[in-house]
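Topology and contacts: notes
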Amino acid sequence: MKRRFLEKAYLLGRVEPSMLTLGIESSCDETSASVVGDDLRVHSNVVFSQISQHQAYGGVVPEIASRCHVEAIPEVIGTALQEAGAEWSDLKQIAVTQGPGLASSLLIGTHTATALSQRLEIPLVDVNHLAGHVYSLFLNRRKPTAEELPMLILLVSGGHTLLLSLDERGELEQLGTTLDDAAGEALDKGAKLMGLGYPGGPIIESMAETASGEMIRLASRQRLKATRRTGALNPDFCFSFSGLKTALLYHLKDHPEDGAESRIPNLCAGYQEDVVQYLLDPVRRVLKSRSFKTLGCVGGVARNRRLRAGLEGVAQKAELPLILTDTEFCTDNAAMIASAAICGAGIPREAGLLWKDVKPNWPLGQILG
Ligand code: KG4
Ligand code: ZN
């Protein structure tokens, strides 16, 4: 099995015993373990990516994912402790992703975490993966201060696109969501339509950066209407990517020449720009209608340089400070899970409880306020 440990050692000084949280993440196709201090300093963050195992299928195969987690998790956790220079006895608690995600993948992380917490006799904290993304903002920084809240947070991952408000009491309010595909999903599906591999986001980004001449734009964002899916949410604060994906499909049918090797970079640049503008539009609208002290962006798609630049422009115009998750903590990792637990956004597991089911469809709504 090809192993890719993305992160270097974080030997950032002395490790304080009894201040360390071990984070464990296995919700999809990354097996990750991380040691994070109470001050949110990341001492280690080991990510074993399974991408190469799934690439041939154009997406994640759950059965393969769970088998890979079983194989990788002991070494990933061992390496995280080693890189942090920590002993088992230095850990004060374990934080694990309980959902949302693939049930068979989540089970590997939660069972491992349960066994470790029993053996080490330390508390276990269940964390919502989306809350983990939110709290990735503060890694290697500090917990948010009252002057930074409320913060408007754009959460953009492969499975979710949400606009959230994090308030002074640490509570999250959902302001907008996607009505169909998530932003990362739109990029992944777009790349598939263009015959470019998986995961689509980073491939489209690097292709777009080689484009010369005009980018090929596909469709401007239509104003969304209130439907059953928007529910109580303001449709102006919601997202929809299915029309854009269809526009790409028909563009490739009507203009097959744009699918040629020489034109693909321009098509990628245009498609990426459309996705970015579709994301920025609701952010601008929320900022016009409510007052925030800071703007933040988290999740795998937050790695995207074009999106980061676009958000800088929006923040500048709104005269707000912008906090972006460090690129190494945007895609799935265990440091963000530890961060959520350290910031009090996890659910402490009842002591001695040996079995707790995973929550594959755990919506953020169930842990909001
Ligand atoms: O947060 P994440 O690792 O997993 C989920 O929780 O879903 O996000 C994965 C998503 C994928 O759709 C991937 O294509 C996208 O993040 N992504 C990017 C970039 N890197 C990863 N999208 C755009 N630009 C990137 N550089
Ligand atoms: Zn994620």
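Now for the environment of A113. With respect to the secondary-structure elements, A113 resides in helix α3 (residues 103–120). Residue classification places A113 among the buried positions, given a relative accessible area of 0%. Counting along the chain gives 13 residues from A113 to D126, while the straight-line C-alpha distance between them is 9.6 Å. Filtering out sequence-adjacent residues up to four positions away, A113 remains in contact with I24, I94, V96 and L124.

Glancing now at the packing of helix α6 (residues 200–208) against helix α8 (residues 264–289). Helix packing geometry: the angle between the two helix axes and the distance between the axes. At a minimum axis separation of 7 Å, α6 and α8 run at an interaxial angle of 120°. By the angle between their directions, the pair α6 and α8 is classed as oblique. The crossing of α6 and α8 is left-handed. Note on element contacts: α8 touches α6 through I264, P265, C268, A269, Y271 and Q272, opposite I204, E205, M207 and A208. The class makeup of the residues in the contact of α6 with α8 is eight nonpolar, one polar and one charged.

Moving on, we come to the pattern of salt bridges. Summed over the entire model, instances satisfying the criterion amount to 22 salt bridges. Among the ionic pairs, K189 bridges to D181, the shortest N-O distance being 3.1 Å. Close ionic contact of E205 with R305 constitutes a salt bridge, the shortest N to O distance being 3.7 Å. With E205 in helix α6 and R305 in helix α9 (residues 305–317), the pair connects residues that are 100 residues apart, well separated along the chain. A residue is classified by how much of its surface remains accessible, and E205, at 9% relative accessible area, is buried. Assessed through its relative accessible area of 48%, R305 is described here as partly exposed.

This next bit is on the site of ligand 1. Among the 19 residues in the neighbourhood of ligand 1, the closest are listed as G158, D188, G201, E205 and D332. Here D188 contributes a side-chain N or O atom positioned 2.7 Å from an oxygen atom of ligand 1. N304 has a polar side-chain atom sitting 3.1 Å from a nitrogen atom of ligand 1. When ligand 1 is considered free in solution it has 560 Å² of accessible area, and contact with the protein chains removes 88% of it. At the level of elements, α4 (129–135), α5 (183–193) and α6 are the ones that each hand at least two residues to the shell around ligand 1.

It is worth spelling out the packing of α5 against α6 at this point. Two numbers describe how α5 lies on α6: the axes approach to 7 Å, and their chain directions differ by 65°. On the basis of their axis angle, the class for α5 and α6 is roughly perpendicular. As for the relative orientation of α5 and α6, their crossing is left-handed in sense. Where α5 approaches α6, its residues L187, D188, G190 and A191 are matched on the opposing element by G200, G201 and I204. Broken down by class, the residue content of the contact of α5 with α6 amounts to three nonpolar, three polar and one charged.

A few words on the side chain of N128. Take N128: it is sitting in strand β5 (residues 124–128). In this structure the side chain of N128 is engaged in a polar contact, spanning 2.7 Å, whose partner is the backbone nitrogen of L130. Looking at N128, its side chain comes within polar contact range of the main-chain oxygen of W362, at 3.4 Å.

Cut-offs used in this document
Residues numbered from 1 in each chain as written. Chains lettered and ligands numbered in written order. Predicted model: local features only at pLDDT ≥ 70, side-chain atom pairs only at ≥ 80, totals over all residues. Heavy atoms only, no water. Helix = DSSP H or I, 4+ residues; strand = E, 2+ residues; numbered from the N terminus. Buried < 20%, exposed > 50% of the residue type's maximum accessible area, 1.4 Å probe, protein only. Contact = heavy atoms within 4.5 Å. Axes fitted to C-alpha atoms, helices over the stretch in contact; angles between N-to-C directions. Parallel < 35°, antiparallel > 145°, perpendicular 65-115°, else oblique. Left-handed = near helix turned anticlockwise from the far one by under 90°. Nonpolar A, V, L, I, M, F, W, Y, C, P; charged D, E, K, R; others polar. Salt bridge = Lys/Arg side-chain N within 4 Å of Asp/Glu carboxyl O. Near = heavy atom within 4 Å. Polar contact = N/O pair within 3.5 Å; in protein donor to acceptor, adjacent residues only side chain to side chain. Areas by Shrake-Rupley, 256 points an atom, 1.4 Å probe, with all protein chains shown as cover.

Interpretation note: all reported values are geometric properties and have no functional meaning in isolation.
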